[in-house]
Amino acid sequence: MAYFGVDSTLPSTSPGAAVSSAAAPDGERVRGPHPSAPIPVQGPSVGSNLRVPLGESGCVVFPLILGAAEFGWNVDLESSHAILDTYAELGGNAVHTSDSYSSGRSEHIIGQWLHSRGLRDDIVLAVRIGGHADNPGLGPVNLVRAVEASLNRLRTDRIDVLYLDATTDPEASLEDTLATAEWLVETGKVRALGAIGYSAAQLVEARIYASAGYPRITVLDVPFNVLRRHEFDADLRLVAGAQSMAVTPSHALEHGYLAGRQRSKIRGALSVRGAQLAANINRRGTRTLRALDAVGAELGVPDAAVAVAWLLAQKLVTAPIVNAYAPQHVEELVQGVGVRLSRAQLADIGRASV
């Protein structure tokens, strides 16, 4: 099955294809393509035409945001660039990173890629701020310094969506943070604001400040997937819907478990990622993977694509943030954008994951 949005350049003649002959100037016969041979596909991919508004941020994005949490940690520079290249070739245009990912190495890798490929104006760049050891939290001074440092690592003059990470600084004054963000927006360093870790009450408070002139929070990141629903609770859903926020769920594959590659526990000492995977290897996790298997087999797509399609079928979800370890993983994930799950399929997955 062809991957969704993949361009393919076909050879002028395929093995076994019929060919016709034409006369060369010297009288020799030259074999050329038959008139009925397939026409090579050229130009932008199908996915490049697929864009959705990112809430009221002013950005339009491909419905799958490429996460860069593994860049500089489990994925080296060359492999990271190959993943980014594949994503862009398939029509993707939104990349998410954080100043804390690999202590900033993820941003360095993305910055090098954007500069070498000349794609800065084509990519919606989303950055989570607040977790870097040099400028921790969301206080005014550290927030400005953190943004400046990220801009330097990313080799750009602006961040399209700045996610304020409240989990790194629960005691920070929301008014002070938004006042600082206002200056960042006015100076052109930031286009729009996102949030992660804020409660429903804090988001309501932020909207009150917005009515007084502070910038609005228009994008919400919340850890959410078929196995992890409790954090996107009813209150957050109500506020996000009422404020027309774009929801960009992180942990879309639950640390990779929903891709279905790891189904049994590993003996011995576990890495951080191994421990995260092991936490889901239980009866509920196994039932869920079996449901994804069944739907994937019916549709001809991998489990990861079904997990992405499940998220996109949820109300308020605009574009999941999904990390990848290799180009082929990106190809699997992008297939989920082209899948529409039926009510019966959604019900089957829902029952299995309870």
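Predicted, not measured: the structure shown is a model, and the values here were computed from it.

What counts and what doesn't
Residues numbered from 1 in each chain as written. Predicted model: local features only at pLDDT ≥ 70, side-chain atom pairs only at ≥ 80, totals over all residues. Heavy atoms only, no water. Helix = DSSP H or I, 4+ residues; strand = E, 2+ residues; numbered from the N terminus. Buried < 20%, exposed > 50% of the residue type's maximum accessible area, 1.4 Å probe, protein only. Contact = heavy atoms within 4.5 Å. Areas by Shrake-Rupley, 256 points an atom, 1.4 Å probe, with all protein chains shown as cover. Phe/Tyr/Trp six-rings, centres within 6.5 Å; stacked < 30°, edge-to-face > 60°. 1 Å grid on protein atoms, 1.4 Å probe; cavity = no way out; pocket = protein on both sides within 12 Å on 5 of 7 lines; lining within 4 Å. Points joined across faces, edges and corners; volume = space filled by probe spheres on them. Nonpolar A, V, L, I, M, F, W, Y, C, P; charged D, E, K, R; others polar. Core = buried A, V, L, I, M, F, W, Y, C linked by side-chain atoms within 4.5 Å.

A. The arrangement of the overall build of the protein chain in detail. A count of helices and strands for the protein chain gives 11 helices and 12 strands. When the 354 residues of the protein chain are sorted by exposure, 49% land in the buried category. Intrachain contacts of the protein chain at a sequence separation of at least 6 include 76% that bridge at least 24 residues. Summed over all atoms, the accessible surface of the protein chain reaches about 16,400 Å², with 52% contributed by carbon and sulfur.

B. Expanded view of the packing of aromatic side chains. The tally for this structure, following the rule as stated, stands at four aromatic pairs. Between the aromatic rings of F62 and Y87, the centroid separation amounts to 6.3 Å while the plane-to-plane angle is 80°, which identifies the pairing as edge-to-face. Residue F62 is located in the loop between β4 (60-61) and β5 (65-67), and its partner Y87 is located in helix α1 (residues 77-89); the two are separated by 25 residues in the primary sequence. Between F224 and F232, the ring centres sit 5.3 Å apart and the planes meet at 70°, which makes this aromatic pair edge-to-face. As far as burial versus exposure is concerned, F224 and F232 are alike and both buried. In this structure an aromatic cluster arises from ring pairing among F224, F232 and W310.

C. Structural view of the layout of surface pockets. If you add up the space inside the largest pocket, you get close to 680 Å³. What lines the largest pocket is a set of 32 residues, and nearest its centre among them are E70, H255, R273, N323 and Y325. For the lining of the largest pocket, the per-class residue count stands at 15 nonpolar, 11 polar and six charged.

D. View of the nonpolar core. Among the nonpolar cores identified, the biggest contains 98 residues, and V147, L162, L203 and I349 are the most heavily contacted of them. Per-element accounting of this core gives the leading share, eight residues, to helix α9 (residues 303-312). In this view, I349 contacts V226, R229, A291, L292, V295, V306, W310 and L341; residues no more than four positions away in its chain are not counted.

E. Spotlight on the environment of E231. Take E231: it is sitting in the loop between β10 (217-221) and α6 (234-242). Its relative accessible area of 28% is what places E231 among the partly exposed residues. Spatially, the C-alpha atoms of E231 and G197 are 9.7 Å apart, while their sequence positions differ by 34 residues. The residues touching E231, leaving out its near neighbours within four places in the chain, are V222, P223 and L236.

F. Quick look at empty space enclosed by the protein. Under the defined criterion, the tally for this structure stands at two cavities of 30 Å³ or more. Of the pockets and cavities examined, the largest cavity occupies roughly 40 Å³. Around the largest cavity, the lining residues are L54, V61, I65, A94, V95, V124, A126, V161 and Y163. The set of elements that each furnish at least two residues to the lining of the largest cavity consists of β6 (94-98), β7 (124-129) and β8 (159-165). Among the residues forming the lining of the largest cavity, the class breakdown is nine nonpolar, no polar and no charged. As for the second largest cavity, its lining consists of L203, A206, R207, A210, R216, I217, Q243 and M245. If you tally residues by element for the lining of the second largest cavity, the top one is helix α5 (residues 200-211), at four residues. Tallied by class, residues from the lining of the second largest cavity come to five nonpolar, one polar and two charged.

Function-wise, these values are silent; they only describe arrangement.
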